[in-house]
Amino acid sequence: MSTDEQLMQALVQQSHQGPRDLTLTTNQPRPVPGPGEYLIRVGAAGVNFADVMQSRGVYEGGPQAPYAAGFEASGEIVAAAPDVDSPLPLGTHVVGVGAGAFAQYMTMHSAGVLPLPSGWSDAESLGLVLNWATALAALRSMGEIKPGQAVLVYAAAGGVGQAAVRLARHYGARVIATASPTKHATVKALGADEVLDSRRPDLAEEILRLTGGVDLVLESVGEATFGASMTVAKPFTGRIIILGAASGHAEFSTRDLLFTHYAQVRGLHIFKWAAAAPAAFKELLVELDALIDQGVYPPGTPQIHPLALGPDVLRQLEEGRTSGKHALDPWCWTSCSDVPE
Ligand SMILES: NC(=O)c1ccc[n+]([C@@H]2O[C@H](COP(=O)([O-])OP(=O)(O)OC[C@H]3O[C@@H](n4cnc5c(N)ncnc54)[C@H](OP(=O)(O)O)[C@@H]3O)[C@@H](O)[C@H]2O)c1
């Protein structure tokens with residue numbers, strides 16, 4: 001650990017060659033809050049598939065290497081820029097996003113932070129503004145899910161996927177989930193009605209056999225599954241929400257929609273949507289609060305790793321070897337199995 005007050009540990013992505021070029025540095029300058037920003041002492045940083053995409057330079061609008069990696073965290077407000085309007089008291093713990101989250105300190109814009117749910121730790125609160133908000137927006141705001149409808153959730157054992165399965169079940173949907181075979185028990189335990197391997201060659205046929213067609217698809221895999229998504233979505237009424245492309249981007253054309261498939265294809269990027277429809281996003285946060293109160297959305301249980309293991313965690317995420325949410329604790333050096341603080 002650095003002894004210099006103004007230096008800190010951080011993970012820096014050195015190139016766009018992926019997680020292997022993510023390196024730990026002990027002398028990263030501690031950031032200074034810019035206009036409207038808080039300085040956050042990071043308690044836990046969330047690891048997301050978008051971190052993998054950024055490390056490969058395929059996240060559009062993402063940072064250019066070298067850059068301070070990570071963008072989701074929760075932690076304590078330790079300073080605020082002088083122009084922050086009605087600032088939260090120093091010492092308040094918040095969750096939010098900002099550049100350079102895989103570090104001991106980062107800045108977050110004051111307009112985007114949320115105080116932690118009452119009684120939740122930093123680590124337990126990760127995922128609120130990413131995994132859960134995305135899953136809820138995809139299912140409800142975009143997907144208009146109704147009780148009794150069938151929804152297909154890809155990567156259902158993952159961070160977004162687990163939230164989506166819980167929420168879809170809560171809203172009365174029949175859940176057809178996909179995950180790698182080693183993760184099937186996890187997804188079943190969340191209440192999914194059927195769990196399939198997204199890599200099986202007859203995926204679309206099997207889903208059609210089970211359902212006769214699905215009302216909603218949460219499409220996060222992209223190239224490898226989009227054809228199956230188009231095949232299984234009910235003609236005209238079926239919605240496909242594009243929220244990710246973990247296997248790369250799929251191509252489709254007006255010809256597909258005009259002559260072969262008649263699904264409604266809708267795109268979702270949670271932060272772009274929040275900026276474009278702030279009132280709807282606010283309603284979504286109120287709904288998430290209610291879901292927390294009802295116990296539908298329980299405190300998160302991320303697997304917590306030291307910062308130094310960040311590159312390994314990203315590699316495992318890229319290779320589809322992770323299950324659930326993973327987090328980095330920049331103040332823990334060896335075993336971080338307990339919730340920090
Ligand atoms: N639009 C938004 O605003 C938004 C916000 C948050 C996340 N996302 C997206 O949501 C998705 C999930 O994110 P996450 O952070 O929670 O990650 P995650 O689901 O924990 O991990 C990604 C999972 O995708 C599956 N996968 C990866 N590569 C694949 C491939 N080539 N073929 C088939 N399946 C593959 C694997 O699951 P299995 O091996 O179990 O199938 C892998 O575990 C990502 O696509 C991410 O970009 C979007």
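Residues numbered from 1 in each chain as written. Predicted model: local features only at pLDDT ≥ 70, side-chain atom pairs only at ≥ 80, totals over all residues. Heavy atoms only, no water.

## Some remarks on the sheet that holds strand S13 (residues 239-242)
Basically, it comes down to this: Pairing between strands requires that DSSP locate at least two bridges from one strand to the other. Secondary structure elements follow DSSP: runs of H or I of four or more residues count as helices, runs of E of two or more count as strands, with numbering from the N terminus. Under this scheme, a helix contributes an axis fitted over its contacting stretch, all axes are lines through C-alpha atoms, and angles between N-to-C directions fall in the 0 to 180 degree range.
If you walk across this open sheet you meet the six strands as S11-S10-S9-S12-S13-S14, and the pairing is parallel. Each edge of the open sheet is held by one strand with a lone partner, namely strand S11 (194-196) and strand S14 (264-267). Put simply, the sheet's adjacent strands are angled 15° from each other on average, direction ignored. Looking at chain direction, strand S9 (residues 150-153) and strand S10 (residues 174-178) are connected through four bridges and run parallel.

## Things to note about unusual backbone geometry
One can expect most non-glycine residues to show negative phi and most peptide bonds to be in trans. Basically, it comes down to this: Three labels apply to residues, based on accessible area from a 1.4 Å probe with only protein chains included: buried if under 20% of the type maximum, exposed if over 50%, partly exposed otherwise in between.
Across the junction of Ala 65 and Pro 66, the peptide omega takes the value -5°, indicating a cis bond. Mapping Pro 66 onto the fold places it in the loop between helix H1 (49-55) and strand S4 (67-68). Within the chain, Phe 236 stands out as a residue other than glycine whose phi angle is a positive 70°. Position of Phe 236 among the secondary structure elements: in the loop between helix H7 (226-232) and S13. For Phe 236, a relative accessible area of 54% corresponds to the exposed category.

## Remarks on the state of the cysteines
Filter applied, for reference: Note on disulfides: each one is a pair of cysteine sulfur atoms within 2.5 Å.
With the rule as written, the count across this model stands at one disulfide. With its sulfur 1.6 Å from that of its partner, Cys 332 forms a disulfide with Cys 336. Taking the sign of the S-S torsion, -65° for the link of Cys 332 and Cys 336, the bridge is left-handed.

## Structural notes on the layout of surface pockets
Note the threshold: Two kinds of site are reported from a 1 Å grid over the protein atoms alone, namely cavities, where a 1.4 Å probe fits but cannot get out, and pockets, open sets with protein on both sides within 12 Å along at least five of seven lines, and residues are called lining when an atom falls within 4 Å of a point. Grid points are joined across faces, edges and corners, and a volume is the space filled by probe spheres set on the points. Put simply, Ala, Val, Leu, Ile, Met, Phe, Trp, Tyr, Cys and Pro go in the nonpolar bin, Asp, Glu, Lys and Arg in the charged bin, and everything else, Gly too, in the polar bin. Marked domain ranges trace back to an automatic or database domain assignment.
Roughly 890 Å³ of volume is contained in the second largest pocket. In terms of lining, the second largest pocket is formed by 39 residues, of which the most central are Val 97, Gly 112, Val 129, Phe 271 and Phe 281. Those elements that place two or more of their residues in the lining of the second largest pocket are H1, S4, strand S7 (105-109), strand S8 (114-115), helix H3 (128-142), helix H9 (270-276) and helix H10 (278-293). Of the residues assigned to the lining of the second largest pocket, the class counts are 25 nonpolar, nine polar and five charged. When residues of the lining of the second largest pocket are sorted by domain, at least three fall in each of domain 1 (7-127 + 300-329) and domain 2 (130-272).

## Regarding the nonpolar core
To keep things clear, this is the line we draw: Nine residue types can take part in a nonpolar core, namely buried Ala, Val, Leu, Ile, Met, Phe, Trp, Tyr and Cys, and a core is a set of them joined through side-chain atoms within 4.5 Å. By the convention used here, residues are in contact when the closest approach between their heavy atoms is within 4.5 Å.
Counting residues in hydrophobic clusters, the biggest one holds 49 residues, and the most contacted among them are Val 151, Leu 167 and Leu 288. Ranked by residues supplied to this core, first place goes to H3 with 10 residues. Both domains that furnish three or more residues to this core are identified here as domain 1 (7-127 + 300-329) and domain 2 (130-272). With near-sequence residues (within four places) excluded, Val 151 lies in contact with Leu 139, Ile 145, Ala 168, Ala 173, Arg 174, Val 175, Ile 176, Leu 216 and Leu 218. Counting residues in hydrophobic clusters, the runner-up holds 25 residues, among them Tyr 38, Val 84, Met 106 and Met 108.

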